[in-house]
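# Commentary on secondary and tertiary structure
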Amino acid sequence: MREAHFKDFFWNSDITSTAGYDNILQRLNDGRKTCKEIEDFMKARASIEEKYGKDLLNLSKKSFGQAELNTTKKALEVFKQKVENVGQAHLQLAQSIKDEAKRLEDFREKQKESRKKIEHTMEQLHKLKTSQYKKTMDSKKTYEQKCRDKDEAEQALNRNANTGNLKQQEKLTAKSSQAKSLAEEADRNYQQNVSLLEKIRENWLMEHTKACEFFEIQECERVQYTRNTLWTHVNLLSQQCVTSDEMYEEVRKSLEGCSISKDIEYFIDLRKTGDTPPAQVPYENFYSLQRNPGSGRSQVSGGIRREAPLPPATQNDAAYSMLDGNYSLAQY
């Protein structure tokens, strides 16, 4: 199948028409607009990434977990550090996207500048072609009118050839001769304009073909550059996801190293106060102690020695009940 090219499909039977050329320019202008829209999109995305990165950096500096100990404290420190690293990575991503947007802007402006000379040349050719065509058509009308004037003068001379009016005959002869001369001059002028128009047309055909080829190359480059720019953009975003996941994986590893038993043991070693609980506080009867200061808890009743009774357990003892792993003090 034959490959299609601009130079084969943007002509017009009307020599003054610029429709095909205008359609190509419109395509190129639309392409520049697309590049500008992508560029603006990337700049906006870079701004979002930059703000997000700065917010993460500020968030990573907030204090929390200062009261934690041992492995849990280390895990929290790793977590804060990696949040800071992710924030830095987003700032780097923002800068990379800005750089890509700037390169796209430079590419767009470079194409615009390289087109200026060709567009100027074609604009001048279009004006010259249109002007010469109009001049040629005007000279054609003049030529045709002069031919009609010559024919009429000759016909009038022929009609009066046998009238015998010599003065009238001379007058018609002079008019016919003048009409013939003017017709011949108009013919030469018309032919010159046609010849000049043809030279202009040939030059325009050549320049239009060159312009089509150049513009087609520009359009191919623009489409390819746009594709590659977006490809690079999503690669940057994908890499950011990989970088963030690597950071978060280190946080997960630090959390795996967080040992509840070690932290409990560490806290015990750091803050322990003793391993012997207090002894039970005995009940001491006031009156018994008054009568027998050295008898301790014993009292004498009816000559029989016995131990003083303790208060009922149901009134003074406390018991612990366990609900869902939490201990609460409950009275019986």
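Quantities reported herein were computed from a predicted structural model and do not represent experimental measurements.

What counts, and where the lines are drawn
- Residues numbered from 1 in each chain as written.
- Predicted model: local features only at pLDDT ≥ 70, side-chain atom pairs only at ≥ 80, totals over all residues.
- Heavy atoms only, no water.
- Helix = DSSP H or I, 4+ residues; strand = E, 2+ residues; numbered from the N terminus.
- Contact = heavy atoms within 4.5 Å.
- Areas by Shrake-Rupley, 256 points an atom, 1.4 Å probe, with all protein chains shown as cover.
- Salt bridge = Lys/Arg side-chain N within 4 Å of Asp/Glu carboxyl O.
- Buried < 20%, exposed > 50% of the residue type's maximum accessible area, 1.4 Å probe, protein only.
- Phe/Tyr/Trp six-rings, centres within 6.5 Å; stacked < 30°, edge-to-face > 60°.
- Lys NZ or Arg CZ within 6 Å of the ring centre and 35° of its normal.
- Axes fitted to C-alpha atoms, helices over the stretch in contact; angles between N-to-C directions.
- Parallel < 35°, antiparallel > 145°, perpendicular 65-115°, else oblique.
- Left-handed = near helix turned anticlockwise from the far one by under 90°.
- Nonpolar A, V, L, I, M, F, W, Y, C, P; charged D, E, K, R; others polar.

With that settled, the discussion passes to the overall build of the protein. Across its full length, the protein holds seven helices and four strands. When its helices and strands are written in sequence order, the protein yields α-α-α-α-α-α-β-β-α-β-β. Sequence separation of at least 24 residues holds for 78% of the intrachain contacts in the protein that already meet a minimum separation of 6. Only carbon and sulfur atoms are counted for the fraction: they give 53% of the accessible area of the protein, which is about 23400 Å².

Let's shift gears to the pattern of salt bridges. Tallied over the entire structure, the rule returns 26 salt bridges. Put simply, Glu105 and Lys43 hold a salt bridge, and the shortest N to O gap is 3.9 Å. With Glu105 in helix H3 (residues 70-159) and Lys43 in helix H2 (residues 19-60), this pair connects stretches of sequence that are 62 residues apart. On the basis of relative accessible area, Glu105 is assigned to the partly exposed category, the value being 24%. A salt bridge links Asp55 to Lys51, with the nearest nitrogen and oxygen atoms 3.0 Å apart. Taken together, the positions of Asp55 and Lys51, both in helix H2 and four residues apart, correspond to about one turn of that helix. Assessed through its relative accessible area of 37%, Asp55 is described here as partly exposed.

Quick look at the packing of aromatic side chains now. For the coordinates displayed, the defined rule picks out seven aromatic pairs. Their ring planes at 5° and their centres at 4.2 Å tell us that Phe107 and Tyr225 sit as a pair that is stacked. Highlighted residues: Phe107 in helix H3 and Tyr225 in helix H4 (residues 166-256), separated in sequence by 118 residues. On the basis of relative accessibility, which here comes to 13%, the residue Phe107 falls in the buried class. Take Tyr225: its relative accessible area is 26%, and that puts it in the partly exposed class. The ring of Trp204 has Lys129 lying over it, and the distance from NZ or CZ to the ring centre is 4.4 Å.

The next point concerns the packing of H2 against H4. For the pair H2 and H4, interaxial distance at closest approach is 11 Å and the crossing angle is 20°. Accordingly, the angle class assigned to the pair H2 and H4 is roughly parallel. Judged by the sense of rotation from one axis to the other, the crossing of H2 with H4 is left-handed. Of the residues belonging to the contact of H2 with H4, the class tally is 13 nonpolar, seven polar and five charged.

Time to look at unusual backbone geometry. In the Ramachandran plot, Asn70 falls in the positive-phi region, its phi being about 55° despite a non-glycine side chain. The topology assignment puts Asn70 in helix H3.

Attention shifts here to the side chain of His90. When you line up the elements, His90 lands in helix H3. Relative accessible area serves as the criterion here: at 8%, His90 is assigned to the buried category. Not counting chain neighbours up to four residues away, the residues in contact with His90 comprise Glu49, Tyr52, Gly53, Leu56, Gln240 and Ser244.

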